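Overview (structure and organization)
Single-letter residue listing:
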Amino acid sequence: MEKDEVAYEAVKNANRMKQEANQNLGITQEYNAENRQKLWDSTKAKSDYKDMVFAGKETYLDPISGNVLHKSQSAAQKKYHMRNADGEIVSHKFAQHTANTDHVNSLKATHQNAKHNPFLTDDDFKEIMNAKENYRILSQKDNASKGEKSDYAFILDKDKNISSSGKKKIAEQKVRSDIYLQGAFAARTAQNVGSEFVSGAKTNLRNSAAVLGVQGLRSLADAKKEDRDLQEVIQE
């Protein structure tokens, strides 16, 4: 076989490896309530985080609002008299004292960037986004009013009357989360690039054996001994 044909076959099979490696990767592109609930949010992780923060207690002093938050919504509703004697809802003050677990970096905002990474899966996204480093406890009222706003927009909202110490706490949580997410996504991307590329290599290298020739196979064997990068061998 001519040298050009050998090079062509090697490149073709290398491209096939990459395509096969990518077939199980990629984050679902559309963000909506159904996909959020089914693919990316985690009720269990949120509950576990709340348990960790409350540490066996039923109340928690929120450093952001300065209010005492109740782990149980029903306990807050009872304490702050949500209903009158006739069972009618007469107060929503309980929402200021009910604890919610909130994503520091929201699923929606992060999805807008992460969905363009072809080497991440929905499971990767869910695992990383629901790590404790991307969680905080907020009052139900603050969580609802924050919605999908960024932390900085929330801090600068004059209607929220957040104290200086509360703003500082939000900023600290934001920086911590940003650092964690950037590192976690980068590490998982590198891991998936390596494992997925190599996983499809065996079959395709068998198909390339005829064009690689004896020298090519010897290079692969040497690479295995030396733990060299598979892509370097293919390029050779």
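Calculation notes
- Counting starts from 1 at the beginning of each chain's written sequence and moves along it residue by residue.
- This being a predicted model, a pLDDT of at least 70 is required before a residue's local features are given, and a value of 80 or more before pairs of side-chain atoms are given or counted; all residues contribute to the totals for chains, interfaces and linings.
- Note that water and hydrogens are dropped before the side-chain values are worked out from all heavy atoms of the structure.
- Counting from the N terminus, the helices are DSSP H or I runs at least four residues long and the strands are E runs at least two residues long.
- Exposure categories follow from relative accessible area, calculated using a 1.4 Å probe and restricted to protein chains: below 20% of the type maximum is buried, above 50% is exposed, and the middle band is partly exposed.
- Here the accessible surface of atoms and residues is derived via Shrake-Rupley with a 1.4 Å probe, and residues count as covered only by protein chains that are part of the display.
- Contact definition: two residues touch when any of their heavy atoms are within 4.5 Å.
- In this text, buried Ala, Val, Leu, Ile, Met, Phe, Trp, Tyr and Cys residues form a nonpolar core when linked through side-chain atoms within 4.5 Å.
- When a carboxyl oxygen of Asp or Glu lies within 4 Å of a side-chain nitrogen of Lys or Arg, that pair is called a salt bridge.
- Polar contacts, as counted here, are pairs of nitrogen or oxygen atoms within 3.5 Å of one another; within protein the pair requires one atom able to donate a hydrogen and one able to accept it, and residues that are adjacent in sequence qualify only if both atoms are side-chain atoms.
- Arc, as used here, means the arc of the directions from the helix axis to the C-beta atoms.
- Predictor confidence is given residue by residue as pLDDT, running from a minimum of 0 to a maximum of 100.
- Stacked, tilted and edge-to-face are the three classes applied to pairs of Phe, Tyr and Trp rings, where Trp contributes its six-membered ring and a pair requires centres within 6.5 Å; stacked means planes under 30 degrees apart, edge-to-face means over 60, and tilted covers the rest.
- For a Lys NZ or an Arg CZ to count as sitting over a ring, it must be within 6 Å of the ring centre and within 35 degrees of the ring normal.

Some remarks on the overall build of the chain
For the chain, the helix and strand inventory stands at eleven helices and four strands. Across the 236 residues that make up the chain, the buried fraction comes to 39%. When the accessible surface of the chain is totalled, it reaches about 14200 Å², and 50% of it is carbon and sulfur.

Observations concerning the side chain of Ser 106
Position of Ser 106 relative to the elements: it lies in the loop between strand S3 (99-103) and helix H5 (107-114). Look past the residues within four positions of Ser 106 in its chain and what remains in contact with it is Met 129 and Glu 148.

Observations concerning the nonpolar core
The biggest cluster of nonpolar side chains holds twelve residues, and these are Ile 27, Tyr 31, Trp 40, Leu 107, Ala 114, Leu 120, Phe 125, Ile 128, Met 129, Leu 181, Ala 184 and Phe 185. When contributions to this core are tallied by element, the ones reaching two or more residues are H5, helix H6 (122-129) and helix H9 (164-199). Beyond its immediate sequence surroundings of up to four residues, Phe 185 is in contact with Thr 110, Leu 120, Phe 125, Ile 128 and Met 129. One finds Ala 45, Phe 54, Leu 69 and Ile 137 within the second-largest nonpolar core, a separate group that totals seven residues.

Thoughts on the pattern of salt bridges
All told, the structure shown has twelve salt bridges when counted by the stated rule. Close ionic contact of Asp 41 with Lys 46 constitutes a salt bridge, the shortest N to O distance being 3.2 Å. Since its relative accessible area comes to 18%, Lys 46 is described here as buried. Linking Glu 133 and Lys 132 is a salt bridge whose minimum nitrogen-to-oxygen distance equals 3.5 Å. On the basis of relative accessible area, Glu 133 is assigned to the partly exposed category, the value being 22%. For Lys 132, a relative accessible area of 47% corresponds to the partly exposed category.

Comments concerning the environment of Phe 119
If you trace the backbone, Phe 119 turns up in the loop between H5 and H6. In this structure Phe 119 comes out as partly exposed when scored by relative accessible area, which is 23%. Remark: the alpha-carbon pair of Phe 119 and Ile 27, spanning 92 residues in sequence, is separated by 8.5 Å.

Here's the deal with the pairing of S3
For a regular strand, side chains alternate in direction, first toward one face of the sheet and then toward the other. When you tally the buried positions in S3, you get five out of five residues, the bulk of the element. Burial of the side chains of S3 extends over both faces: Ala 99, Thr 101 and His 103 are buried on one face and Asn 100 and Asp 102 on the other.

Some words on the environment of Tyr 31
On the secondary structure map, Tyr 31 appears in the loop between helix H1 (3-22) and helix H2 (33-40). Sequence separation of Tyr 31 and Ala 109 is 78 residues, and the distance between their C-alpha atoms is 9.8 Å. With residues near it in sequence (within four places) discarded, Tyr 31 still touches Arg 36, Trp 40, Leu 107, Lys 108, His 111 and Glu 148. A polar contact is formed between the side chain of Tyr 31 and the side chain of Arg 36, at a distance of 2.9 Å.

With respect to the side chain of Asn 100
Along the polypeptide, Asn 100 turns up in strand S3. Within polar-contact distance, the side chain of Asn 100 engages the side chain of Asn 143 at 3.3 Å. Aside from chain neighbours lying at most four places away, what touches Asn 100 is Arg 136, Ile 137, Leu 138, Gln 140 and Asn 143.

Describing H6
Buried within H6 we find Asp 122, Asp 124, Phe 125, Ile 128 and Met 129. An end-on view of H6 places all buried positions within 160 degrees of arc, on one side of the element.

Comments concerning the confidence of the model for the chain
Any region with low pLDDT has predicted coordinates that should not be read closely. Considering every residue of the chain, the mean pLDDT works out to 82; 72% of them sit at 70 or more. Under a pLDDT of 50 for its full length, residues 201-221 has, in the predicted model, 22 contacts with residues more than four places off or in other chains.

Overview of the packing of aromatic side chains
The final tally for this structure, using the stated rule, is five aromatic pairs. Measuring from centroid to centroid gives 5.7 Å for Tyr 31 and Trp 40, while their planes differ by 15 degrees, and the two rings are stacked. In this structure Trp 40 comes out as buried when scored by relative accessible area, which is 0%. Where Trp 40 meets Phe 125, the ring centres are 5.8 Å apart and the plane angle is 85 degrees; that geometry is what we call edge-to-face. Here Trp 40, found in helix H2, pairs with Phe 125, found in helix H6; they are 85 residues apart in sequence, far enough to count as distant. Judged on exposure class, the residue Trp 40 and its partner Phe 125 are both buried. Put simply, the rings of Tyr 31, Trp 40, Phe 125 and Phe 185 touch in pairs and so form one group of aromatic residues. Residue placement shows Lys 79 over the ring face of Tyr 80; its charged tip is 5.8 Å from the ring centre.

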